[in-house]
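Structural features, examined
Here are the chains, one letter per residue:
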Amino acid sequence: MSLPTYGPAAGTMWRVLAIARRHAYVLQRSPHRLFDVLVWPVVDVLLFGSIGVFAASQATTGAQRVALYLLVGVILWHVVYQAQIAVATGFLEESWSRSVLNLMATPLREWEYIFGVALFGLVKLVVGVGAVTVIVWGAFAFNVAGIGPAMIAVAALLLVIGWSIALFVIGLVLRFGSGAEAFAWGILFVVMPLSGVFYPVDALPALLRPLAEILPTTHAFSAGRTVAAGNPMPWGEFGLAAAGTAGLTLVGLGYVTWMLRIFRKRGFVTRYS
Amino acid sequence: MLTCDTDGDVALRASGLVKEYRRGRAVDGVDLTVGVGERVALLGPNGAGKTTTLLMCLGAVRPDAGEIEILGHRLPRQRTRAMAHVGFAAGYLPLPAQVRVLEYLRLFGRLYGLRRPDDAARAGLERFGISDLARAMGTELSSGQKTLVGIVKAAMHRPRLLVLDEPTASLDPAVALRVRTGLRELSHELGTALLVTSHNMVEVERLCERVVFLSHGRVVADGTAAEITDRFGREDLEDVFLHLAKTRSAPEGVAG
């Protein structure tokens, strides 16, 4: 006799929630992983916030703005970084625990898996960025919440960018195995200086500026700085960031789908069993 | 409720499966049918193509040629529907370290769409005599206990087809007996078909009604243990196995 089961829609929801719960167990039972979620964001805010305060205390022209850029930059940076690292290391967790084959032999769809990991990543993001927001308010008297909904829109774009970059990382790990896992931690640190996280990209060497301009992160951080400085949302900049994010997401989805096809075709699942 | 369109009495039908890797052809035109409630062993020397065949039947590896249907659901298009009726366990797959046994089983119960995964998990643990492990962490289990939990995981949603890759490789004889008894009960009570790979010929003879021998990626024999030993003129399955491993020559004729 069969057991009672959910219909297709509820089944999908429960599978997504089950994956999110599985990763909650991982965090719960491996407290050292809180370093990524909580400790590093707090350390970064204290570091860059203090540099900003020091710069501002020198009373040079524009020093206040440098402090603002540093604080806004570090908060937005952790949005994109946490989003990316949560999804990418979520998949790596399956490879470390050799669970890939067990998961593939269930009704779980690939996109349900990604949604589940991203969902729990969102919870971690809220905790991490929430802590950072409280610290910049308490330690540096900077109220991020006071900036308004425009900053939430910028953060939402960076969230999607983080997830899209994670798709590339997953694709690389599917194709090249666990040797590619260094990308999970390293890929964004290549993007970071080019995106002008803490400064306008005019400050970059001229040779690198065209490359910076094609990154959606560049326009998202620029829009974030503008809004944080009390100006209205620069819709042109935001539009470029949104279009770039949409393009990056499509390319990321295409890449991971392609790599998954190769993964199945070449039998790479045996690497994880 | 789990529903499916069965194609007659067939749980798994794979035809003309071919898989070529860079190192050579792993599977070369395998036809494999498992009836509803039938217990079939897939045997062969290392490198014969058993695991690749199983992985293709699970949708984890895509065949270069051939077709696979599970209870009427064609892979890869209907993989999600098909997998709702399939359970899989392998003796070599570990349990994640950071979860308790019941949490692990609950996760897979949810993935299989069960409304009450905890009830199914407890019933499965009881069937295989390991109810006391429900709250144990993955790290606290012996390799045999991990294997048992893996089998409970694979069977907890009452699948129509249970695929087991070397399920008793790390078990002592007493626990292996418990596993065989549990699997036979599942097959009798629920009509679950079994597709099992093993290197333990005695176990295969005790558990399975039919044996499919692979060599060099091809089916070289298909029948009951007695039929196969007769065909090869050997004393038992182990002797047939050793003969095939030793000759590693061209197929000796496909039986059906």
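See the structure above.
Residues numbered from 1 in each chain as written. Chains lettered and ligands numbered in written order. Predicted model: local features only at pLDDT ≥ 70, side-chain atom pairs only at ≥ 80, totals over all residues. Heavy atoms only, no water.

1. Quick notes on the overall build of chain A
What chain A contains, in helices and strands, is 10 helices and zero strands. Moving toward the C terminus, one meets the helices and strands of chain A in the order α-α-α-α-α-α-α-α-α-α. The C-alpha atoms of chain A give a radius of gyration of 20 Å, which matches the 19 Å a tight globule of 273 residues would have. Referenced to the eigenvectors of the C-alpha coordinate spread, the extents of chain A come out at roughly 75 × 40 × 35 Å. Scored against the burial criterion, the 273 residues of chain A give a buried share of 55%. For chain A, long-range pairs separated by at least 24 residues make up 77% of all intrachain contacts whose partners lie at least 6 apart in sequence. In chain A, which carries 17 positive and 10 negative side-chain charges, the distance between the mean positions of the two groups comes to 9 Å. (Helix = DSSP H or I, 4+ residues; strand = E, 2+ residues; numbered from the N terminus. Rg over C-alpha atoms; globule rule 2.2 N^0.38 Å. Buried < 20%, exposed > 50% of the residue type's maximum accessible area, 1.4 Å probe, protein only. Contact = heavy atoms within 4.5 Å. Lys, Arg positive; Asp, Glu negative; His and termini not counted. Charge placed at Lys NZ, Arg CZ, Asp CG, Glu CD.)

2. Some details on the interface of chain B and chain A
Between chain B and chain A, the residue contacts involve 44 residues of the former and 38 residues of the latter. Summed over both partners, the interface of chain B with chain A buries about 4,000 Å², with 58% contributed by carbon and sulfur atoms. At the boundary of chain B and chain A, one finds two salt bridges. Inspection of the region where chain B meets chain A yields 17 residue pairs in polar contact (both at pLDDT 80 or more). Contributing elements (two or more residues each) for the side of chain B that touches chain A: strand S1 (10-21), helix H2 (79-83), strand S6 (86-90) and helix H3 (101-111) of chain B. (Buried area = accessible area lost by both parts, 1.4 Å probe. Salt bridge = Lys/Arg side-chain N within 4 Å of Asp/Glu carboxyl O. Polar contact = N/O pair within 3.5 Å; in protein donor to acceptor, adjacent residues only side chain to side chain.)

3. Looking at a negative patch on the surface
Residue and element names in this part refer to chain B. A grouping of Glu205, Glu235, Asp236 and Glu238 is seen on the molecular surface, where their side chains present a negatively charged patch. Tracing the backbone through its elements, the reader meets aspartate 236 in the loop between helix H8 (225-232) and helix H9 (237-247). Residue classification places aspartate 236 among the partly exposed residues on the basis of a relative accessible area of 32%. (Patch = residues over 30% accessible without salt bridge, like charges linked within 9 Å, V, L, I, M, F, W, Y side chains within 5 Å. Areas by Shrake-Rupley, 256 points an atom, 1.4 Å probe, with all protein chains shown as cover.)

4. Here's the deal with the environment of Val197(A)
Mapped onto the fold, Val197(A) is located in the loop between helix H7 (182-194) and helix H8 (209-213). Excluding residues that lie within four positions of it along the chain, Val197(A) makes contacts with Tyr69(A), Gly73(A), Trp77(A), Met192(A), Phe221(A) and Arg225(A).

5. Digging into the packing of helix H9 (residues 216-228) of chain A against helix H10 (residues 235-265) of chain A
All names here are of chain A. Between H9 and H10, the least distance of the axes is 8 Å, while the angle of their chain directions is 145°. You can see that H9 and H10 cross each other, and the crossing is left-handed. Across the interface between the two elements, Pro216, His219, Ala220, Ser222 and Ala223 from H9 touch Glu237, Leu240, Ala241, Gly244, Thr245 and Leu248 from H10. A per-class count over the contact of H9 with H10 returns six nonpolar, four polar and one charged. (Axes fitted to C-alpha atoms, helices over the stretch in contact; angles between N-to-C directions. Left-handed = near helix turned anticlockwise from the far one by under 90°. Nonpolar A, V, L, I, M, F, W, Y, C, P; charged D, E, K, R; others polar.)

6. Some words on helix H5 (residues 143-155) of chain B
Compared with the 18 Å implied by 1.5 Å per residue over 13 residues, the 19 Å span of H5(B) between its first and last C-alpha is a close match. In terms of burial, H5(B) is a largely internal element, 10 of the 13 residues being buried. Those residues of H5(B) that fall on the buried side of the exposure criterion are Gly144(B), Thr147(B), Leu148(B), Val149(B), Gly150(B), Ile151(B), Val152(B), Lys153(B), Ala154(B) and Ala155(B). Buried residues in H5(B) make contact with helix H4 (100-104) of chain A together with S6, H3, helix H4 (117-127), strand S7 (161-165) and helix H6 (173-190) of chain B. (Expected span 1.5 Å × (residues − 1).)

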